[in-house]
Amino acid sequence: MSIRCFCMGTYPWSLWPTLSGLRGLLVLGLILGLQTASSNAFYLPGLAPVNFCEVNGKTNYCQSSVELYVNRLDSVESVLPYEYNTFDFCHDFKKQSPSENLGQVLFGERITSSPYEFSFNKSETCVKVCMKSYDTAKEDQKKKLDFLKKGIQLNYQHHWIIDNMPVVWCRDINGGNKYCTTGFPVGCFVPQSGESSDACFMHPEFNKTNTYYIFNHVDITITYHSENEVDWYVSKLVSARLEPKSYKHVDENHLTCNGTPMEIPGDYTDKLNIIYTYSVKFEENKQIRWGSRWDYILESMSHTSIQWFSILNSFVIVLFLTGMVAMIILRTLHKDIIRYNQEDIQKDYGWKLVHADVFRPPRLGMLLSILLGQGTQVLIMTFITLSFRGLKWKTNFFLTALLCPGVVFVDIFIMNLILWIEGSSSAISFGTLVGILALWFGISVPLTFLGAYVGSFQKFDYPVGTNQIPRHIPHQDFIRRPLFSIIIGGVLPFGCIFIQLFFILNSIWSHQMYIMFGFLFLVFIILLITCSEATILLCYFHLCSEDYHWWWRAFLTSSFTAVYFFAYAVYYFFAKLKITDIASIILYFGYTMIMVLIFFLFTGTVGFFSCFIFISKIYSVVKVD
């Protein structure tokens, strides 16, 4: 469950569910940063260029061998990823795996070496890698073949790496454009209905029903840029592409890499040999330099116009809300304050009428404080732990440190059991679970206690006092009731993010790269403004109707955006994904609930404090008896 960006596998934010937000991220980011620096830092573009040259071995200036690494296999039709070696492909018996950080382990990244290794600038054609033999009469070989066919049927994708770059597969689509992905399929399956997948559709010769076609050959093209360094011509790799193909090799000693495709009938009950081959060629490109080598991956990602539409849509919503808030503050509220402060006014009315009840502690104040503590983190934990003048600050500390992270941990633990049963590479080992608990109880809990302890000595004085007897709230019509305002309060913030949310979900579940972080930052700022202004508007309207129960309403008004988030995730599941197995469905909604919970806490906290600051300000400038 990761956002695929340029990093393609290094996720320094991967423990956000278990470390209670920002305070955990700060420490975990440092830990993972040190881990990444100590390892080979895979997938980090621009970190350390590798020089290649046509010499034997490795010198101080360059190396001649080009290694190909393989990562886990995943699918848009299943949430379960599998390690490369889980399938019966050609394996590297040396099996050199680079060090992986904790984020990669949690997200199932399993990088390992492969038997594909090339010499720089040495083109080769139809080279044999290995041969796999299957006898369906033998149970172990039949299981391997069945698992391979299952991977083809579910459209599992390879992910290969050369020189810290993903190897991309580009294909022509309508309009003469190219569509590039960082994965390529194991094969394709033509069912009895004849409705083949995309990979089979692009090959007219793949036309037999109830037949599996395996891509057992790849044509790899590696592009490099040469330059002179210290009187030595060296080259840097700037792109890596491949084209998967299927060939039925008849004689392993005389390979031609052409002819009929490699077919596996659905009801095959005989012996079968699959020979894996590759061809590689090197091309020099004098225009593309190493610093911009990742640009080739973005050839088919022309989503800029859609992103600008999203920004414009969100900007219009912000303008509308800002205009409403400005009108209230500059006109209505300003007039109210002047009128309330006139000495000849004998009777209070409007929002001033509830000044003695507006800061009355809410029902379930402990729970609200816990949720806000999770949302605001350690920087303002000093303020929030006793914001309702509670005496049970120790209970508050324990629940704040354990409630929401505990719910997330139980969710992850249950999903990890499913992953372990299914044999997925995303299954977390017992040692990793112990490490997560150590980070939780060794970092998050002590920092929460520190914030609660310091907060127990702080005092916050409200601008107005509170009467001992609560004021009666007049009857409220339907549109002024809490439920209605909470439901409509989340509409506008969600309207600002739903287009961006589509791309984020695509990056998580459809394994597409997410690169528009500039747009995402703008949408994030717009979301903060929208949550704040929508909550302030509705809060003011309720105060004017003499309803002073604003605490929970302020939190739930903006946090209801998470409900729309969940509804959109359900729509995305049925409309965009093709997941059918029970385990993947449970995992999808399990991970989605974690995201919804974090988003619920975040947006609710923004709305609450916006309303709190607004109310504190307006009641501090009026005269009360």
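Residues numbered from 1 in each chain as written. Predicted model: local features only at pLDDT ≥ 70, side-chain atom pairs only at ≥ 80, totals over all residues. Heavy atoms only, no water.

- Per an unreviewed UniProt entry, the chain carries the name Transmembrane 9 superfamily member and comes from Bos indicus x Bos taurus.
- Quoted verbatim from the Sequence similarities (unreviewed entry) field of the UniProt record, the comment on the chain reads "Belongs to the nonaspanin (TM9SF) (TC 9.A.2) family."
- The record in UniProt for the chain states the following under Subcellular location (unreviewed entry): "Membrane". (UniProt positions renumbered as here; feature names shortened; annotations may be inferred.)

Remarks on the UniProt feature "transmembrane region" (unreviewed entry) in the chain
Argument step 1. What UniProt calls "transmembrane region" (unreviewed entry) maps, in this numbering, to residues 308-330, 364-385, 397-421, 433-454, 483-505, 517-543, 555-574 and 586-615.
Argument step 2. The annotated region residues 483-505 carries 96% helix and 0% strand content, and the separation between its end C-alpha atoms amounts to 29 Å.
Argument step 3. Strand forms 0% of residues 517-543 and helix 100%; the C-alpha atoms that close the span are 39 Å apart. (Helix = DSSP H or I, 4+ residues; strand = E, 2+ residues; numbered from the N terminus.)

Overview of the environment of Gly406
Argument step 1. By the secondary structure assignment, Gly406 is in helix H8 (residues 393-422).
Argument step 2. Measuring from C-alpha to C-alpha, the distance between Gly406 and Trp440 comes to 9.8 Å, with 34 residues separating the pair along the chain.

What to know about the packing of helix H12 (residues 517-544) against helix H13 (residues 551-559)
Argument step 1. In contact at an axis separation of 9 Å, H12 and H13 are set at 140 degrees when each is read in the N-to-C sense. Between H12 and H13, the angle falls in the class oblique. The interaxial crossing formed by H12 with H13 has right-handed handedness. Along the contact surface, H12 presents Cys531, Thr535, Leu538 and His542, while H13 presents Arg553, Ala554, Thr557 and Ser558. (Axes fitted to C-alpha atoms, helices over the stretch in contact; angles between N-to-C directions. Parallel < 35°, antiparallel > 145°, perpendicular 65-115°, else oblique. Left-handed = near helix turned anticlockwise from the far one by under 90°. Contact = heavy atoms within 4.5 Å.)

So, the sheet that holds strand S1 (residues 65-70)
Either a parallel or an antiparallel arrangement is found when strands of a sheet pair, and the pairing is made through backbone hydrogen bonds.
Argument step 1. Pairing is antiparallel across the open sheet formed by four strands, whose spatial order is S4-S1-S7-S8. Strands with a single pairing partner mark the edges of an open sheet, and in this sheet they are strand S4 (112-119) and strand S8 (165-166).
Argument step 2. Here S1 runs beside S4; their pairing, made up of five bridges, is antiparallel. Its bridge partner lying in S4, Ser65 is registered against Ser119. (Pairing = 2+ DSSP bridges.)

Concerning the side chain of Asn416
Argument step 1. Note that Asn416 resides in helix H8.
Argument step 2. What Asn416 contacts, discounting residues up to four positions off in sequence, is Ser426, Ala427, Ile428 and Leu433.

Comments concerning the state of the cysteines
Argument step 1. Counting across every chain of the model gives four disulfides.
Argument step 2. One disulfide bridge connects Cys90 with Cys130, the sulfur atoms lying 1.8 Å from each other. Here Cys90 and Cys130 share a disulfide; its torsion about the S-S bond, -80 degrees, makes the bridge left-handed. Of the two residues, Cys90 sits in the loop between strand S3 (78-82) and helix H2 (102-106) while Cys130 sits in strand S5 (residues 124-135), which places them 40 residues apart along the sequence. The exposure classification of Cys90 matches that of Cys130, with both residues buried.
Argument step 3. At a sulfur-sulfur separation of 1.9 Å, the disulfide partner of Cys126 is Cys257. Across the S-S bond of Cys126 and Cys257 the torsion is about 90 degrees, and the bridge reads as right-handed. Taken together, the residues span a long stretch of sequence, with Cys126 in strand S5 and Cys257 in the loop between strand S15 (232-245) and strand S16 (263-265) at a distance of 131 residues.
Argument step 4. By relative accessible area, Cys126 is classed as buried at 11%.
Argument step 5. Left unpaired, Cys531 is separated from the closest cysteine sulfur, that of Cys496, by 8.2 Å. (Disulfide = S-S within 2.5 Å. Buried < 20%, exposed > 50% of the residue type's maximum accessible area, 1.4 Å probe, protein only.)

Some details on the packing of aromatic side chains
Argument step 1. Following the criterion strictly, the structure yields 48 aromatic pairs and no others.
Argument step 2. Here a set of aromatic residues connected by ring pairs shows up, and it is made of Tyr82, Tyr84, Phe87, Phe89, Phe147, Tyr156 and Tyr276. (Phe/Tyr/Trp six-rings, centres within 6.5 Å; stacked < 30°, edge-to-face > 60°.)

Looking at the side chain of His158
Argument step 1. When you line up the elements, His158 lands in strand S6 (residues 157-158).
Argument step 2. A residue is classified by how much of its surface remains accessible, and His158, at 6% relative accessible area, is buried.
Argument step 3. Apart from the residues within four sequence positions on either side, His158 is in contact with Leu73, Tyr84, Phe89, Thr182, Gly183, Phe184, Pro185 and Val186.

Details of the confidence of the model for the chain
Argument step 1. Per-residue confidence for the chain averages 76 on the pLDDT scale, and 74% of its residues sit at or above 70.
Argument step 2. Confidence scores differ between elements of the chain, with helix H1 (residues 22-38) showing the lowest mean pLDDT of 33 and S6 the highest of 94.
Argument step 3. pLDDT under 50 marks residues 1-46. Its contacts with residues more than four places away, or in other chains, come to 128 contacts.
Argument step 4. Confidence drops under pLDDT 50 across residues 378-386; counting only partners more than four residues distant or on other chains, this segment forms 30 contacts. (pLDDT = per-residue confidence, 0-100.)

What to know about the sheet that holds strand S12 (residues 187-190)
Argument step 1. The sheet built from three strands is open, its strands ordered S12-S13-S16 with antiparallel pairing. Strands with a single pairing partner mark the edges of an open sheet, and in this sheet they are S12 and S16. Going across the sheet, the axis of each strand differs from the next one's by a mean of 20 degrees, ignoring polarity.
Argument step 2. In this structure, strand S13 (residues 211-214) lies alongside S16, joined through three bridges in antiparallel fashion. When the bridges of S16 are listed, Tyr212 appears paired with Ile264.

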